[in-house]
Amino acid sequence: MKNITMYSGPMCAFCEAAKRLFLRNNLQYEEIDISKKDGLRDEMIKKSNGRRTIPQIFFDEQHIGGYQELRTLEKSGELQEKIK
């Protein structure tokens, strides 16, 4: 199983939606709140090839995208295959 990492922030509806998606699919993830420490936003932007919005989600080191991309994977049935 791949490690799931999600960069998030406070008061982010899409971050909360991603958390609910992970919960209903019984997936554990590491959450990195970019507001908690200087440099985390820059780290996220670098890893996600310039994307500045949250959440940004990774399976191991593979950038998945944000909530919309995650939801698309779930709806298409590809989510479980991608995290193997």
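Look a little higher up for the structure.
A quick note: this is a predicted structure, and the numbers were derived from the prediction, not measured.

(A) Quick look at the environment of S48. By secondary structure assignment, the location of S48 is in the loop between α2 (40–47) and β3 (56–59). Between the C-alpha atom of S48 and that of G66, which follows or precedes it by 18 residues, the distance is 9.9 Å. Apart from residues lying up to four places away in sequence, S48 is in contact with Q56, F58 and H63.

(B) Fine view of the pairing of β3. Here β3 shows two buried faces, one formed by Q56 and F58 and the other by I57 and F59. Both β3 and strand β4 (residues 62–65) contribute to a ladder of three bridges, which runs antiparallel. Bridging from a neighbouring strand, F58 pairs with H63 of β4. Taking the residues that link successive antiparallel strands as the turn, the β3-β4 hairpin has two residues, and the phi of D60 there is positive, at about 55°.

(C) Highlighting the pattern of salt bridges. Under the criterion given, the structure shown has seven salt bridges. Put simply, K19 and E16 hold a salt bridge, and the shortest N to O gap is 3.1 Å. Taken together, the residues K19 and E16, both in helix α1 (residues 13–24) and three residues apart, mark about one turn of the helix. Of the charged contacts, one joins E74 and R24 as a salt bridge, the two residues approaching to 2.9 Å between their closest N and O atoms. In this pair, E74 sits in helix α3 (residues 67–76) while R24 sits in helix α1, placing the two residues 50 residues apart along the sequence. We classify E74 as buried; its relative accessible area is 17%. When its relative accessible area of 47% is taken as the criterion, R24 is described as partly exposed. Salt bridges linked by common partners bring E16, K19 and E31 together as one network.

Criteria and cut-off values
Residues numbered from 1 in each chain as written. Predicted model: local features only at pLDDT ≥ 70, side-chain atom pairs only at ≥ 80, totals over all residues. Heavy atoms only, no water. Helix = DSSP H or I, 4+ residues; strand = E, 2+ residues; numbered from the N terminus. Contact = heavy atoms within 4.5 Å. Buried < 20%, exposed > 50% of the residue type's maximum accessible area, 1.4 Å probe, protein only. Pairing = 2+ DSSP bridges. Salt bridge = Lys/Arg side-chain N within 4 Å of Asp/Glu carboxyl O.

Purely geometric stuff here, so don't read any function into it on its own.
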